[in-house]
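Here is how the chains run, residue by residue.
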Protein chains: 2
Amino acid sequence: MKAVIISCGTEIVTGQCVDTNSAWLSGRLTAGGVEVVAHVSIGDEVGRIAEAIRRGREEADLILITGGLGPTRDDVTRDAMALALETPLQENAEALAQIREFFRQWQREMPESNKVQAMIPQGCEVIPNPKGTAPGIAYWATTPNPLLTKEGDSASPLTKGGLRGVIALPGVPSEMKEIFEACVAPRIGKEGGSCTLIARLNCFGIGEARIGEILADLMARGRNPLVGTTASQAVITIRILASGENASAVRTLLDTDRSEIRRRLGVAVFGEENDTLHGIVARLLIERKQTIVTAESCTGGLLGKLLTDVPGSSAYFVRGYIVYSNQSKSELLQVPGDVIEKQGAVSEEVARLLAENARRAADCDYALSITGIAGPSGGSTEKPVGLVYIGLATESGVEVRRVLLGDHLSREEIRDRACKTALNMLRIKLLS
Amino acid sequence: MKAVIISCGTEIVTGQCVDTNSAWLSGRLTAGGVEVVAHVSIGDEVGRIAEAIRRGREEADLILITGGLGPTRDDVTRDAMALALETPLQENAEALAQIREFFRQWQREMPESNKVQAMIPQGCEVIPNPKGTAPGIAYWATTPNPLLTKEGDSASPLTKGGLRGVIALPGVPSEMKEIFEACVAPRIGKEGGSCTLIARLNCFGIGEARIGEILADLMARGRNPLVGTTASQAVITIRILASGENASAVRTLLDTDRSEIRRRLGVAVFGEENDTLHGIVARLLIERKQTIVTAESCTGGLLGKLLTDVPGSSAYFVRGYIVYSNQSKSELLQVPGDVIEKQGAVSEEVARLLAENARRAADCDYALSITGIAGPSGGSTEKPVGLVYIGLATESGVEVRRVLLGDHLSREEIRDRACKTALNMLRIKLLS
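Residues numbered from 1 in each chain as written. Chains lettered and ligands numbered in written order. Predicted model: local features only at pLDDT ≥ 70, side-chain atom pairs only at ≥ 80, totals over all residues. Heavy atoms only, no water.

## Brief notes about the pairing of strand E11 (residues 235-244) of chain B
Every regular strand shows the same layout, with side chains that alternate between the two sheet faces.
Residue and element names in this part refer to chain B.
Item 1. The element E11 is largely enclosed, with a buried count of eight among its ten residues.
Item 2. In this structure, strand E9 (residues 195-204) lies alongside E11, joined through ten bridges in antiparallel fashion. Pairing of Cys195 across the sheet is with Gly244, part of E11.
Item 3. Here strand E10 (residues 226-232) pairs with E11 via seven bridges, running antiparallel. Looking across to E11, one finds that Val227 is bridged to Ile240.
Item 4. Taken together, E10 and the strand that follows it, E11, pair antiparallel across an intervening segment of two residues, in which Gln233 is found at a positive phi of about 50°. (Buried < 20%, exposed > 50% of the residue type's maximum accessible area, 1.4 Å probe, protein only. Helix = DSSP H or I, 4+ residues; strand = E, 2+ residues; numbered from the N terminus. Pairing = 2+ DSSP bridges.)

Here you go:
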């Protein structure tokens, strides 16, 4: 079974926003054994969206559309869907009742403009949206549509070519996801045919070309599983895509490659699937019932933010010091003013004292400190932009690592890399 | 002039990563007066990528391709481009020298596998990549290509249909951007024809449907400028797209709408283009030479991170307290244990004390405090997930706002909204 995902919005093709919906839908579809052959993004134009729906028929069974179901005039997916389905729009009482109920629950009055969201192409199913005012719209070719499918009519525009469904979902990610899970996902599982399984291994502290060399034989084109790599923000993800007719044989192929890759790369693999460095560190700290405190300068709270992204983080994260000014380093964590003056705020000694003193003050098992030059200015020949010192204090002492992240990175990237390097130091310490 | 953007990568169509390159390129192209008619994402398959390039010809002058130029075997954009251009790949000495130089600069040995990145379709231009090993590849139809364009040969696959160029850029965003700016952007400015200008106004604290009502007349379809809205993480962006033949007339159209929208929405508009709430707050603090300290519980450092995202943030951001545990609230910011016990850590009184005491300890003009229930668990009937108290301390006292963000939001969204609400409170205080 093949799918095409269409995202609608002038904001997307003019670059005002990034389409994250297609990636999420692709992940869910791939996991369900559906091959996504393309993502297509187009502006808020009825004709072009309708054309993309028609084109999708040539290569896919399932067309998923996101966006353009809102209450404003640039929301034209309803119209485009009606055009492609060759059926008129009509006010749907069920949809209107759902929208009214949404406003009632939030004790707000329904603006008149929201009524347009109840205009549904005739013969389509309305999918309730518990999180917002835009209901989803589904046309299932397997459900006979009195308007479009007459008995024995194989020439209906939507049953010829093997199309199984056209589903329009809201553009707001949380609403889109909720509706997909409730209405679309259950139908996908029932599809027969070939089976595709995908697995990911995430690495840190190793380059993509080096991984490509270590895994060269596994990464041959045409091989099954198909192994590929992607670099994103210094994390290299290894993707294993196995396919075949028999689910358990496919599972075995996948597991064999995964074990082999883990064996070759060792500790460089920090996790699988959506695992993050901070998520893995959180898991290890929880398992070991240990605690952590942070002392951050150039990252300004990002390390604390990452460590508290995980639900239940109060089990291990106690407190954090954002010691941005020199004065705050001295006042909050007793870094002597003359150390800062002589060695500089970005120095091994300051990183050491921040970690050591934070750990003692918070009475934690671990303290991580970060001090560096995030740029874009403030660098010098001896201390260039991208120079970061990371301290890790444990009961047996403090380890400080000097990293030179390179001035080809942005401020945001330097701060991101600094936190990841810190988390990776702690991860390796926790594993040793 | 029209463009199609093609992003290549199995990691994209299987949902392993989000394509942010197309959005960035669209923004740059739109700003340059180029209409982006579609984004298309496809997996690492030579045939499909080549087909997408050919299809792009039907609707665009410029085809921009991102991704698939890396050193591993799943990087097939070079091959697909050669196939679509009907020209062989050959090792390019200039490209190879650039790749060798990149490794020399970083004092590393070049892995043998990187050599494949110097394979370039014959007749194409190599675009240096100062940030990585993948050079860009450009075919310019206006530059006669001896292989593809024979004199008087209007049937050459790349000159018929008005195609001006096919350009392949690396998938790593920072490298892609650098090459685009250096090589592609200068060529776009020289294009004649119609002019398109785009402007964005960003709002916070007002709903999308309400904005749609206030701006209904301006948002009529077919109107010029075309006005649309997009909601993303509680920020509503109003997009104004003006077009015409004459640049100064287009500019006037745009300016008139922008002024009118600002007049109607007042303080709900916090900024333009890529302005963020934290960026605007930073600008206002710098202008007023004022300082801020943060005291965060449930946001765990995110507010500090946002306030230090801006280069030069040390001018106004002094320090932050991440008081995650109750003990840290008492030890670092003197919130009495019995207040926490009686009223709870998530309470008006705790928010008040955190802001007041942080402001005094750090001797700042402002202190922002946040305490709340980010979820997904930990809520109760009286204090549900999404309940957040935000304190803003100034020299004239502390203002505390209770916000109920709703349990339909994720932990990440609740933390994001809490910080944005806090920043917006400060913004309005700074403007008053």
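After that view, the rundown keeps rolling.
## Description of the environment of A:Ile286
All names here are of chain A.
Item 1. Inspection of the secondary structure assignment puts Ile286 in helix H9 (residues 277-288).
Item 2. Judged by its relative accessible area of 39%, Ile286 is partly exposed.
Item 3. Counting along the chain gives 30 residues from Ile286 to Tyr316, while the straight-line C-alpha distance between them is 6.5 Å.
Item 4. Excluding its chain neighbours within four sequence positions, the residues that come into contact with Ile286 are Ala315 and Tyr316. (Contact = heavy atoms within 4.5 Å.)

## Side note on the side chain of B:Thr77
Item 1. Topologically, B:Thr77 is positioned in helix H4 (residues 77-85).
Item 2. Judged by its relative accessible area of 1%, B:Thr77 falls in the buried class.

## A short note on the packing of helix H9 (residues 277-288) of chain B against helix H14 (residues 411-431) of chain B
All names here are of chain B.
Item 1. Put simply, H9 and H14 touch, their axes get as near as 9 Å, and they point 35° apart. As for how H9 packs across H14, the hand of that crossing is left-handed. Seen from H9, the contacting residues are Leu277, His278, Ile280, Val281, Leu284, Leu285 and Arg288; seen from H14, they are Lys420, Leu423, Asn424, Leu426, Arg427, Leu430 and Leu431.
Item 2. Partitioning the contact of H9 with H14 into residue classes produces nine nonpolar, two polar and three charged. (Axes fitted to C-alpha atoms, helices over the stretch in contact; angles between N-to-C directions. Left-handed = near helix turned anticlockwise from the far one by under 90°. Nonpolar A, V, L, I, M, F, W, Y, C, P; charged D, E, K, R; others polar.)

## Topic: the relation of the copies chain A and chain B
Put simply, the second copy of the chain is the first one after a rotation about an axis and a shift along it.
Item 1. Each copy of the sequence occupies a distinct position, and chain A is placed on chain B by a rotation of 180° and an axial shift of 0.0 Å, giving an RMSD of 0.0 Å. The operation mapping one copy onto its partner corresponds to a two-fold rotation axis.
Item 2. The overlap is high: 100% of the interface residues of chain A also sit at the interface in chain B, so the same surface is used on both sides. (Least-squares fit on C-alpha atoms with pLDDT ≥ 70 in both.)

## As for the interface of chain A and chain B
Accessible area lost upon the coming together of the parts is a frequently used measure of interface size.
Item 1. At the junction of the two partners, chain A supplies 90 residues and chain B supplies 90 residues.
Item 2. At the boundary of chain A with chain B, the tally comes to twelve salt bridges.
Item 3. B:Asp309 is the partner of A:Arg415 in a salt bridge, and the nearest nitrogen-oxygen pair spans 2.7 Å.
Item 4. Counting the contacts that link chain A with chain B gives 41 residue pairs in polar contact (both at pLDDT 80 or more).
Item 5. The biggest single contributor to the side of chain A that touches chain B is strand E2 (residues 35-42) of chain A, with eight residues.
Item 6. Note that strand E14 (residues 317-322) of chain A and strand E14 (residues 317-322) of chain B share three bridges and pair antiparallel. Note that in E14(B) the partner of A:Ile322 across the bridge is B:Gly320. (Salt bridge = Lys/Arg side-chain N within 4 Å of Asp/Glu carboxyl O. Polar contact = N/O pair within 3.5 Å; in protein donor to acceptor, adjacent residues only side chain to side chain.)

## Observations regarding the pattern of salt bridges
Working definition: two side chains of opposite charge can pair if their charged atoms are close together.
All names here are of chain B.
Item 1. Under the counting rule described, the total for this entry stands at 58 salt bridges over all chains.
Item 2. Between Arg200 and Glu273 there is a salt bridge whose closest N-O contact spans 3.7 Å. Taken together, the residues span a long stretch of sequence, with Arg200 in strand E9 and Glu273 in the loop between strand E12 (269-272) and H9 at a distance of 73 residues.
Item 3. With relative accessibility at 10%, the residue Arg200 sits in the buried group.
Item 4. Residue Glu273 is classed as partly exposed on the basis of its relative accessible area, which comes to 29%.
Item 5. For Asp217, the salt bridge is made with Arg264, and the minimal N-O distance between the two is 2.8 Å. Here the residue Asp217 occupies a position in the loop between helix H7 (208-214) and E10, and Arg264 occupies one in helix H8 (residues 247-265), the gap between them amounting to 47 residues.

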